[in-house]
Every structure is written in C-alpha cells, then in structure tokens.
Amino acid sequence: MDTPKSLTKGDELYQLIKRLFPICRSITGNGVRRSLEIMQEYLPLQVNEVPSGTAVFDWIIPKEWNIKDAYIKNKKGQKLVDFNDSNLHVLNYSIPVKGNYPMKELASHLFSIPGSPAWIPYRTSYYEEKWGFCLSHSQLQSMQDDDYEVCIDSTLEPGSLTYGEYYLPGQTEEECLFSCHICHPSLCNDNLSGIAVVLYLAKMLSTRQNRLSYRFLFIPGTIGAITWLSLNENKLSNIKAGLVATLLGDPASFTYKKTRSGDEEIDKAVIHFLKFSGKDFRLIDFFPYGYDERQFNSPGINLPVGSLTRSQYGQYPEYHTSADNLKLVTPEKLEDSLNAYLAIADILDNNIVYINQYPKCEPQLGKRGLYQKIGGMNEQEKELRRMAMLWCLNLSDGKNSLLEIADRASIPFDVLKQVATVLEENGLLKCLTR
Amino acid sequence: MDTPKSLTKGDELYQLIKRLFPICRSITGNGVRRSLEIMQEYLPLQVNEVPSGTAVFDWIIPKEWNIKDAYIKNKKGQKLVDFNDSNLHVLNYSIPVKGNYPMKELASHLFSIPGSPAWIPYRTSYYEEKWGFCLSHSQLQSMQDDDYEVCIDSTLEPGSLTYGEYYLPGQTEEECLFSCHICHPSLCNDNLSGIAVVLYLAKMLSTRQNRLSYRFLFIPGTIGAITWLSLNENKLSNIKAGLVATLLGDPASFTYKKTRSGDEEIDKAVIHFLKFSGKDFRLIDFFPYGYDERQFNSPGINLPVGSLTRSQYGQYPEYHTSADNLKLVTPEKLEDSLNAYLAIADILDNNIVYINQYPKCEPQLGKRGLYQKIGGMNEQEKELRRMAMLWCLNLSDGKNSLLEIADRASIPFDVLKQVATVLEENGLLKCLTR
Amino acid sequence: MDTPKSLTKGDELYQLIKRLFPICRSITGNGVRRSLEIMQEYLPLQVNEVPSGTAVFDWIIPKEWNIKDAYIKNKKGQKLVDFNDSNLHVLNYSIPVKGNYPMKELASHLFSIPGSPAWIPYRTSYYEEKWGFCLSHSQLQSMQDDDYEVCIDSTLEPGSLTYGEYYLPGQTEEECLFSCHICHPSLCNDNLSGIAVVLYLAKMLSTRQNRLSYRFLFIPGTIGAITWLSLNENKLSNIKAGLVATLLGDPASFTYKKTRSGDEEIDKAVIHFLKFSGKDFRLIDFFPYGYDERQFNSPGINLPVGSLTRSQYGQYPEYHTSADNLKLVTPEKLEDSLNAYLAIADILDNNIVYINQYPKCEPQLGKRGLYQKIGGMNEQEKELRRMAMLWCLNLSDGKNSLLEIADRASIPFDVLKQVATVLEENGLLKCLTR
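How each quantity is defined
- Residues numbered from 1 in each chain as written.
- Chains lettered and ligands numbered in written order.
- Predicted model: local features only at pLDDT ≥ 70, side-chain atom pairs only at ≥ 80, totals over all residues.
- Heavy atoms only, no water.
- Helix = DSSP H or I, 4+ residues; strand = E, 2+ residues; numbered from the N terminus.
- Buried < 20%, exposed > 50% of the residue type's maximum accessible area, 1.4 Å probe, protein only.
- Contact = heavy atoms within 4.5 Å.
- Areas by Shrake-Rupley, 256 points an atom, 1.4 Å probe, with all protein chains shown as cover.
- Lys, Arg positive; Asp, Glu negative; His and termini not counted.
- Charge placed at Lys NZ, Arg CZ, Asp CG, Glu CD.
- Buried area = accessible area lost by both parts, 1.4 Å probe.
- Salt bridge = Lys/Arg side-chain N within 4 Å of Asp/Glu carboxyl O.
- Polar contact = N/O pair within 3.5 Å; in protein donor to acceptor, adjacent residues only side chain to side chain.
- Pairing = 2+ DSSP bridges.
- Axes fitted to C-alpha atoms, helices over the stretch in contact; angles between N-to-C directions.
- Nonpolar A, V, L, I, M, F, W, Y, C, P; charged D, E, K, R; others polar.
- Least-squares fit on C-alpha atoms with pLDDT ≥ 70 in both.
- Parallel < 35°, antiparallel > 145°, perpendicular 65-115°, else oblique.
- Left-handed = near helix turned anticlockwise from the far one by under 90°.
- Disulfide = S-S within 2.5 Å.

1. With respect to the overall build of chain A
Helices and strands together make up the secondary structure of chain A, namely 13 helices and 18 strands. Considered along the principal axes of its C-alpha atoms, chain A spans approximately 90 × 45 × 40 Å. Buried residues in chain A amount to 59% of all 434 residues. Intrachain contacts of chain A at a sequence separation of at least 6 include 80% that bridge at least 24 residues. Surface exposure of chain A reaches about 17,200 Å², of which carbon and sulfur atoms provide 48%. In chain A, 46 positive and 52 negative side-chain charges are present, and the distance between their average locations comes to 4 Å.

2. Things to note about the interface of chain B and chain C
Many descriptions give the size of an interface as the accessible area lost when the pieces come together. Chain B puts 19 residues into the contact, and the matching count from chain C is 19 residues. Looking at the side of chain B facing chain C, the largest losses of area belong to Asp58(B), Arg260(B) and Pro288(B), adding up to 36% of the total buried there. Across the salt bridge formed by Lys367(C) and Asp58(B), the nearest N and O atoms sit 3.3 Å from each other. Taken together, the links from chain B to chain C amount to 15 residue pairs in polar contact (both at pLDDT 80 or more). Within the residue set of the side of chain B that touches chain C, elements represented by two or more residues are helix H6 (223-231) and helix H8 (293-296) of chain B.

3. Notes on the sheet that holds strand S5 (residues 79-82) of chain C
Residue and element names in this part refer to chain C. The 4 strands lie next to each other as S5-S4-S9-S6, forming an open sheet whose pairing is antiparallel. Each edge of the sheet is formed by a strand with only one pairing partner; in this case those strands are S5 and strand S6 (97-102). Strand-to-strand twist of the sheet, defined as the mean angle between neighbouring strand axes without regard to direction, takes the value 20°.

4. Focus: the pattern of salt bridges
For the structure shown, the criterion picks out 68 salt bridges over all chains. Here Glu129(B) and Lys63(B) are joined by a salt bridge, their closest N and O atoms 3.6 Å apart. Within this pair, whereas Glu129(B) is found in the loop between strand S7 (110-111) and strand S8 (133-134), its partner Lys63(B) is found in the loop between strand S3 (59-60) and strand S4 (64-73), the two being separated by 66 residues in sequence. In this structure, Arg33(C) and Glu64(C) form a salt bridge, with 2.9 Å as the shortest nitrogen-oxygen distance. Of this pair, Arg33(C) sits in helix H2 (residues 30-40) while Glu64(C) sits in strand S4 (residues 64-73), placing them 31 residues apart in sequence. The same class applies to Arg33(C) and to Glu64(C), which are both buried. Overlapping salt bridges, with partners in common, bring together Arg33(A), Glu49(A) and Glu64(A) in one network.

5. A short note on helix H7 (residues 265-275) of chain A
Counting buried positions over the 11 residues of H7(A) gives 8, a clear majority of the element. Within H7(A) the residues assigned to the buried category are Ile266(A), Asp267(A), Ala269(A), Val270(A), Ile271(A), His272(A), Phe273(A) and Leu274(A).

6. Comments concerning unusual backbone geometry
For the bond from Asp190(A) to Asn191(A), the omega torsion is 15°, close enough to zero to count as cis. Inspection of the secondary structure puts Asn191(A) in helix H5 (residues 188-205). Even without being a glycine, Ser410(A) presents a positive backbone phi close to 55°. One can find Ser410(A) in the loop between helix H12 (402-409) and helix H13 (413-425). The backbone phi angle of Leu247(C) is positive, close to 50°, even though this residue is not glycine. For Leu247(C), the position within the fold is in the loop between strand S13 (239-245) and strand S14 (254-257).

7. Section: the pairing of strand S6 (residues 97-102) of chain A
Residue and element names in this part refer to chain A. Side chains Val97, Gly99 and Tyr101 of S6 all project onto a buried face; the interleaved residues Lys98, Asn100 and Pro102 project onto a face where none is buried. Here S6 runs beside strand S9 (residues 147-157); their pairing, made up of 6 bridges, is antiparallel. Across the sheet, residue asparagine 100 finds its bridge partner in S9, namely glutamate 149.

8. Brief notes about the interface of chain A and chain C
In this complex, chain A contributes 19 residues to the contact, which on the side of chain C involves 19 residues. Carbon and sulfur atoms supply 52% of the area that chain A and chain C bury against each other, a total of about 1,800 Å² over both sides. For the pair chain A and chain C, the interface holds 5 salt bridges. Across the salt bridge formed by Arg294(C) and Glu362(A), the nearest N and O atoms sit 2.6 Å from each other. The tally of links between chain A and chain C comes to 15 residue pairs in polar contact (both at pLDDT 80 or more). No other element matches the 7 residues that helix H11 (residues 379-395) of chain A contributes to the side of chain A that touches chain C. For the side of chain A that touches chain C, the per-class residue count stands at 9 nonpolar, 3 polar and 7 charged.

9. A word on the relation of the copies chain A and chain C
Once chain A has been moved 0.1 Å along the axis and rotated by 120°, it coincides with chain C to within an RMSD of 0.1 Å. What the rotation and shift describe, once combined, is the action of a three-fold rotation axis. When C-alpha positions in chain A are compared against the rotation axis, the closest is assigned to Asp263(A), at 12 Å.

10. So, the environment of Ser237(A)
All names here are of chain A. Here serine 237 lies in the loop between helix H6 (223-231) and strand S13 (239-245). Using a relative accessible area of 57% as the deciding quantity, one classes serine 237 as exposed. When the C-alpha positions of serine 237 and lysine 417 are compared, they lie 27 Å apart, and in sequence the two are 180 residues distant.

11. Regarding the environment of Leu283(A)
Residue and element names in this part refer to chain A. Tracing the sequence through the fold places leucine 283 in strand S15 (residues 281-284). For leucine 283, a relative accessible area of 36% gives the class partly exposed. As for leucine 283 and tryptophan 228, which are separated by 55 residues in sequence, their C-alpha atoms are 28 Å apart. In this view, leucine 283 contacts Tyr256, Lys258, Ile271 and Leu274; residues no more than four positions away in its chain are not counted.

12. Here we look at the sheet that holds strand S6 (residues 97-102) of chain B
Residue and element names in this part refer to chain B. The strand order across the open sheet formed by 4 strands is S5-S4-S9-S6, and the pairing between neighbours is antiparallel. Only two strands of the sheet have a single neighbouring strand rather than two, namely strand S5 (79-82) and S6. Strand after strand, the sheet turns through a mean of 20° between neighbouring axes, direction not considered. Two elements, S4 and S5, share 3 bridges in a ladder whose sense is antiparallel. What sits directly across from isoleucine 72, in S5, is valine 81.

13. Quick word on the pairing of strand S16 (residues 305-309) of chain C
Residue and element names in this part refer to chain C. Among the 5 residues in S16, 5 count as buried, and that is most of the element. Both faces of S16 are covered, namely the face carrying Val305, Ser307 and Thr309 and the face carrying Gly306 and Leu308. As paired strands, S13 and S16 are joined by 4 bridges and run parallel to one another. Residue pairing in the sheet places valine 244 in a bridge with serine 307 of S16. Where S14 lies against S16, 3 bridges are found, and the strand directions are antiparallel. Across the sheet, residue tyrosine 256 finds its bridge partner in S16, namely leucine 308.

14. Here we look at the packing of helix H1 (residues 9-20) of chain A against H5(A)
All names here are of chain A. Running from N to C, H1 and H5 point in directions that differ by 125°, and their axes come no closer than 9 Å. Viewed along their axes, H1 and H5 adopt a mutual orientation that is oblique. For the element pair H1 and H5, the recorded crossing hand is right-handed. Where H1 abuts H5, its residues Lys9, Glu12, Leu13, Leu16, Ile17 and Leu20 lie against Cys188, Leu192, Ser193, Ile195, Ala196, Val197, Leu199, Tyr200 and Met204. Residues belonging to the contact of H1 with H5 are distributed by class as follows: 12 nonpolar, 1 polar and 2 charged.

15. Looking at the side chain of Glu362(C)
Secondary-structure assignment places Glu362(C) in the loop between strand S17 (353-356) and helix H10 (370-373). Accessibility expressed as a relative area gives 13% for Glu362(C), which makes it buried. Other than its neighbours up to four places away in sequence, Glu362(C) contacts Trp59(B), Ile226(B), Pro288(B), Arg294(B), Gln295(B) and Leu390(C).

16. What about the state of the cysteines?
Cysteine pairs can be linked by a disulfide, which is a covalent bond between their two sulfur atoms. Residue and element names in this part refer to chain B. Scanning the model with the defined rule gives 0 disulfides over all chains in all. No disulfide involves cysteine 180; its sulfur sits 9.9 Å from that of cysteine 183, the nearest cysteine. Residue cysteine 180 is classed as buried on the basis of its relative accessible area, which comes to 1%. In this model cysteine 392 remains outside any disulfide bridge; the closest cysteine sulfur is found in cysteine 431, 12 Å from its own.

Note that all results are geometric; they support no functional claim without further evidence.
Here it is, written out as structure tokens:
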C-alpha cells in the first residue's frame, strides 16, 4: 500500500478509517472478512476462521450472520428506512423477516433515541434470536399508525468466526499485547480508530529492532477475545503487558483504565507517559465492564492488560450512535493516539533492570569524560542528564527498573534511557535482564 | 417476657432500660445480680459467680460490695443528701461509716461538679478503701460550716463477682463477641443502652440460622473483662471479631473506635456499614483507654475487638453524671443502634470467600437467564446487580472475601450477598470457607 | 581547652568557628592539618594521612595542594586581588602560575557573580589542572583592558589526604555515624557550622554513658568520604544510623533530607524530633546529589544516613560565596542545631524494644503505686504520663520500638522514655535488645 509522501500519519490513519467505514461488520460474517482483507494491504496479518459450534470456555461460537438488504416500506412503496443508507438501521444479528406488519406490532421492533432525535442508535442481539430496526427518533415519529412492508434479507447459518492476528518476534519471548475489536459496523471512534492505531503501531514497530515480542489482535468483541484466549492458553504466560485500544480519534484527552491489580508494569508505563505528556488526562480504576479488558483481566486469565482511550467507555454523547462517524474523529487526534501508543511501547521495550558495576560510592564520571558524552545541549539539559546519571547509578541495585528510576527521579523515561545507554557503553551499568 | 405488639423495638429497648435504671449496680454485689435476673426474663443467659480473692491475671477479685442506705443529715435531722433519691449520691464502693462530722472534715469526702451545679457526679473507689458522697454543687453550696450526721450503711465482705454470658452456636466454631459492662448504677447511656442493645441483638440473632457462633458478655468493666478473659483463655482462638457496646442511646451519630491493628475484618465491616448508612460518622484510631476494648486489645490477648458507640467516650457533657438519665436516651436512637449492630453481624455472618467456578473469561450469564433471576426491580437496581455479579465473578479468585469485593466495587454488602447467592445457586460460585 | 563559664554553648561554637574561619582549607594540604590540630584542642580525635596515589574504590587520592600567596597586580604594582584579603580569591586547587597576562587572556581565568556584585564566589578545580581567580564582580568591572601581573604561589605534589576521626564506644557495637566535611576554606555555614556542631556533639556525648557507639568523621567532601568508606568497609555493618552535618548556623528553620529508603530509624528519629519541636521544618526526599550522603547512600555502601541542615543545600543566596561568613551564622542558631543533634542522639540511644511482662490485659498499676512514682507534676502532665504508660504496655509486644510507640501515641519520645524506665524498674517491661 503506497501512500503519497505528503500525507501525515494522521491522514493515513484517517484514510484507512474512511475505507473501512461503509462495511457492515458484526461478530461474524463477510463484513469482518472484507475488513481484514483491506487491513492485509497494510500489514501481513494472519486471518483465522473458527467454526460455528466450537466451544470456547463457557461459550459457543454462534452461527455466522450475513445480510444483503433491509428496509421498511410504507403502503406507497416508499422506503422509509433503508439499510443502504446506513447499516446501523438493522438490529445487528437480526434474523431474516419478510412481510406486512401493522404499526402496533412493528413498534416493539423499532429502536430510537428520543433524546437525540436525529441520530440512529446502534443495537445488537447476538445471543437472542430477534429482528429489529434502528432509526432516528424523527423518522419514528413520522411513521403513522399504518401497515408497513418489512424486509430483512439476512442469513444466520453455520459458518465461522473470523479474526486477525499479527505476531512480531523480538529478542525475548516476553510479549506485549495490543488488542482491538473489529465487530462494529459504521462507527468510527468505536472502534475503527482502534483498528487504525493498532494496525499502524504494528506496521511501525515491525520496522524496528525490538527487545520484546509484540502481538496484535483484531478480534470481534467479547466472543472474539474469549475465542482467542481459549485457543491460545499456552501463549498467555509470555504476555507481560497489554492494552485494549479503542476510542482513539475523538477530541477528548486521554483516559487510562488500569489493570485489575492497578500496579502492573503497563500501568506504570502508561501513567509515566501521561504525566510527562504535559496534557490533562484521567486515570480510572479497573471495573469488570467495558471492552475486552474484562476478559483479559478475568481471574483465570489474569493478564496485566489496561485500556488507553481518549473519551471514556460509554461516556461521550455520540457513543453507539450514527454520530460516531467520520466527523467525530480527526487525523490530528488519531496521530496523537498513535504517538502515545508508540511512546508506551518504547518505554516497555526499554524498561530494563541495570546493575551498577561500581556500586561502592559514586564512580568518577569526570575521568571518563561522561559529562562531555552527553553534551551538545544547553546547560539545563546537561544538568538534567547529569542528575539522570546519578539517579541511574544510585538506584541500579537490581531492585529498580529504568521506569521505576524515572518515576522516582521525576525525569522523563527517554532521558533516563539515553543516559543509561551511555553508562552501559562505558561499563558502568550492565543489563540484568537482557 | 411478652410485649404488646404495638411497641417498636426502640420502645422495648427503652422499657428494659427503665426497669434497670433504679438499681444500684457496682462491679460486684446484689445490684448486678438483680439486673441479670431481669435480663434473664428476656434471654436465657448464664449467670456466673467468681469468688472474692480469685487471682485473675495480675488482679484479684475484690470483696463484694452491698449497700442498704446512706444519707447526710443536718442538726435538725433533715436529710440533705439521700441515697434513696439517687444511688449516685454514694461514692460507689464506699466503706461503711456512721457518725457526726464537722463540715471541715466532711468536705474532703464530698464530690460535686462546679461547672454543672445541678448535676450529681458519678464517682467510684474500687481499689482504695474510702467513703464519700457525690452531690450537686448547689447542694454542696447550701451546706453550712456546721456538724452533720453521716451514714453509709454498706458492707465490703468476701463474696463474689457476678457476670452474665450467652453463647449462640452457629455452623462454625468461629465466633463473634459482643461485650457490654453492667457495673454502672443509675446511668442510661453509659451503659444501660449497651446492655439493652446487646441483649436484643442476642435475642434476635438467636431466632436465625447463623454461620458464625456468637458470644455475648454482660460483665463489670475492667475487672469483669479481665476475669472472663482469665477464665476463658482456651476460647479466645475462636474469636474472629468483636465489639464493645456502649453509649448507644444518645442523639449523636455513630463513632467507631478501631481495633489495635485497625485493619481487621470487624474494622472493615463496621466502616462498610457506616459508609453506606448515608449518615455522618466518626472513625477514631485505637488508644489504650476507654472501655473494655483496652483489655481485649492488650498484647497478650490481642483480640480484634473494636467499639461502636454514638457519642465518644467521655466526650459528652452528661458523661458520668446524673444527667445521663432516661431523658438522654430515646427509643429511636436505641433502635437505630440495634439495627446497626444487626447489620454488622449480618455482614460478618455472610462475609464468605467464594471461588469463581468459571474463572477463564466471563461465563455466559445470558444463557442461564441470570439477568431475569435478579429481576423484579427497576432498571437502576438491575444495573447495580449486573455490575455486582461481574465484580463477584471477577474478584472471586480466592483472595477476596465478599466484604472486600463490596468495598472495592463500592456496592452495598447486602446487594453483593444477594447476587452471590444467586451465582452460587447457579454453580458459578462455590464457597471456599463454608 | 578551658572556656569561661559565662559563655553559652552557642558562644563556644561560634568562637571555634572564628578560629577556623581564616584558614585556607581544601581537600588536602596544610590548611586541613592546621584545622584538625585546633579541633584536637577540644576533642582527642585521631588524625589520619592517606598518601596521594592510593586507590579508593573508583578514585585515586590526588596530589596534595598547598598555597602561600596569590595576587593580581596592575601595571602600577598595586594588588587588585590579594589572597591575603580572602582565600576565596584563588580557584581552590589552582596550579602555580607566575607571569604577565593581557586582560583578554586573563579573563577566562576570572570568576565573579554578576548578580551579586559585592561577593566573591567560591570555586574549585580538583580533578582538572587549572588556575584561576575568584573576585567580586565590581572588582572585575574595575579592571581595564590592560596587562596584569599574575601570581599563584601554590604547589601540587605527592603528599596525602588528611582526615580526622573520633570513635566513642558504647554498650553495644551498633553505631551511629556523624560526618561533616572539612574542605571548605573561609566559609562559615558551609561548613564550619557542621564541624563545630559535630565536635561539640562528640564532646558532650563523651561525658555520658551511652548504649550505642558513636563515630564522628571530619573529612574532605566526596574524596574524603570515599577514602574513609574504602578503608573501613569492615566497619560498615555496625552502622545503624547516621547524619551528614552541615549548614547549621544560618537563620533558617531545619531541613531534613531523608535516607535513600526514606524509612530508616534515623528518618523516624529526626522526623519525630522535628514534629515535636514546635517549629516549622522541611522534609525532602533523598536525591543523589548534595553532600556526602551521596556516598553513604550509594547502592554498594547502602548506609542509612540522612542529612539535617538548616538552609537547604545550594538554596540560600550566600551559598558558596564570601557572604557565607561570620555574619551569616549566629551563636543562637548554632546552639539550637547542637541541641537538635543531641536530642536525636538521645532518641537513637534510647530507642529500645521492650516486652510487656504482663501482656494479658492491663497490669494493675494502682497497686504498684505507679501513678505516684511518675508524680510531682501537674494534672495534665500526670495524665500524659498515664497515657504514655498504657501505650508502652499496649504496644510492647516485641514489634514496636519506643520511638514507634511514641509516634503512634503522638507523645514526645522523652516522656515515653521516662515512663518506660519506671515500668522497667517495676518489672512490667523488659528490654528485648539490650
């Protein structure tokens, strides 16, 4: 996939979202397959199919759902609600239906948002066989107490659940997991923004030498996470950190939802990044609801997976409505989110425990010319690097990782990393874990 | 003991206090015996007698004290101070005295409160042989520099210390201790209120199926606690939680004084109750003074016993005066206190560690119809119960009791308990400790 | 050394500073030797010489530096800058120089403080061979673009590093370390104040019976600490607490810089003292810069050494200038600092773990007449001592030292100490550690 050089990374992310937006995705079916095909143009991700009926922990992969068309016509034959206008119009996973219904009967199959009369809600019924239409409240109010022709041309048949996975091996088998859900239809922030950010994160990390291995999951929400975890239990012990990526294109500042313990390396890494970002942010404690962090943090899985979003789950007005569209997300915010994920991956990748090789008193830095080696900067930057050196030496007793030193010293991680590299090259520090 | 149906629980508590109020109690003697007899009309408590001279740890049970009459007469033969008006008039444990005393000599035996001239103070001299009278400061001031006829018709002779005990066995031998002191004469809040609340707590718990065993002590302060502990060392290891009950009828909001460690199950239970009570409350750290929590929390006894009162020890104006009378306590506050003790016992009794039987990812609640089983409530209550279910499942990894889950989830304990019961019935949770 | 009886301790400290002030000290040389000789008049401290070239950890003892004279003359032969006016005028450790220099060339060897034009800065170049002059900015500005005669009559030759040490044995080998630097020339607060306080602390402690042993170091900064640590590694395991003493004569209130862990006995002792001092104070976390606490807290040495100063390191305007002189320090503040160090040593010396010998319930204090034994005070003091007794008994379970009990009870350490002594004499407490 070639992109013109003049595009910013944010533009590229936005273009990808634009291509994926019209497709009608669900937790299974061709919409997901088509989306993964497009993503494969950017990244050689592996696409897996798991047959309907497969038992995954306490769950069973459901029948595959596909849809061709859906509408509600009035007696004049005019389409009042049309799937081709927005795939949100159909209750996702609707069973097929065709026939005439009086308004009285039809009403219980219609969903709208009285408080936001111009927006179509997004609703699903995966595990209860139902049919229904979502429409704007003004559409609903314009409908008379009349008979309507109703058609949902869908199928719900044995098939498979489809998901994508990309594994990027590093120097160690310890891995970091990034996961996003791919089951939402025409909704941008939730979660095309997550797909775009994770895809580009993978793409960019794949061009680097990494210490850690990385795994990227593109899975349908809930059932997809449960499926992947069920099929990959043997891989879980390698996962040292993870993030669920979603809601990454809207104007809000960042929200970090912590892991179940709240005190994992990923928690420290994200919070360190946010503190030094110079921007406002929100920290929220883990709660067993929201996105797939619910599954990753279940007691029998117990993976240290947090979630970094912009808006908070369910807390922005456009959430799960037709207003979560291409206007809500911007190239700037998408790029800002990608940069955050890159910075956090950088912290995790470089979060090494060093051992001071001259632990008795301070080593004589002057005779090694170390003050010069960190040079080229202004006095304030030099001073910061000198303090960073002393902190590294003082706390590198085998009990503190570089991130813990950065936190205690209140010095940005990347400064500590630069300084530690110089100290290591000069034989003053030695890596404990590498 | 029959009580008319129209009486509230608060009225019943108040009636009991009214019956006990006139009796002249002390740390030994017939006043205590008579009080325990009345209490036996309500609860089949066991009454024990421990002979004077018995060594109990570092102490010795003192001689038994009894009193028939006491007065101060002026030269005209008028009784200026009369034991029959208030048993507070005699320095509790006064040795007998009879004779004429000039005011100069008598003065050092008279106690009053200049700052509250209408109130008689309550004073004792258990371990130093003395005699004395307590009187209102206005009484004192009306006395001339004259001769007075003084009589205290008391006895201090070998006898015994009397206390009451009621043990209510439950499914486990683990027990919860409730203790109140019975040594105060005509004082209502300190501590007839505690006696009444503990008696009714015992009465009400005895009609239920309990997991825990419960022990209720009705003992004279300090020496009674030391006596019981000394004679029952073999029982202490079963005591998992306890409360010293006192000052439970006055208008103040609740005060909880923590155990010595401050982090015991009883601390968490009381604090959880208070936080969700919707009312103001005070938490105070343990200090080695106050009521019998001093003995229970001594280093060689080391029982996790806190104290839940309304006013704070020694911090209300009527404390240890004749104003701590039937006007200070009310049926409403007594009932509120009883309800608090019942709610706390309920938390302790149901504070179980469950193990999630489907710990890998979330179990599929929908297919079990669990959302229906918690039904019958409004949407907000349903939502709270759904979150409670997810919290229970997420944290039931064997490390968290139901109370710890309730605290972390900020959900009232009784909601957690209801939900956990439903999950247990559906095979999703299993009890670790039962 | 006899001192007239009318002098306060503060006066004595000030007089000592006055004697030491004119001497040109450095990290080696005769200035240090002369200073230690004077100090030996007060305290029989041992003076040690470590030859140049000796390897001490990562460092090497440098050549010894001595200086006789230095000046800058103008063409008229007038001395514009004269070492005899202030020994700060010479860049400390300047190599010898003699000759005529045009201003253009001389300028790079001249140091002043534009912001404080009347003050001479204090600068050093120990490990880079340089020469230079420090002068007031007004002196500098009065110099023309002219030729100057420059002379620094110094020597930099093999010799030795000189330091002083005084060891005061106590009942146990556990020791407490007090260290001050002796390398600064005519500067009072930094660090003649530290020398004077440590010297008098040693003098006064040497007249007492101490439980702990005490060690007092009078060493050049950095290289002196490294030298002592390198030569005395076998002694380090005895050191249980320590303080670096400096900046103790200026008007500021106290600043305590914690040890690396921040939670050592010395941290608790100093903080307890400061909290009960009734005065304002500052607590700062350890950072690997400042004075010799850097070396003591390096990871391979890892001694619990904090630093108690008045002003903060580098944070007062006169720091490292000629204004840090006899006017900045006062007898009052010096005495206040000495008293603080004495009080802290007193806490450490008496910080014993006692075991309650009557741990089951409270022992009967009344029968032992203990309330009388603490008597002679007013009611409030008696009440405080009674509570102190109960706290001592309650917490002396082998897990709490006297200082920890004092902190939890919020009672001044010396009250706890008095009370614990009485309880010990009465057989109620027994010392665990003595």
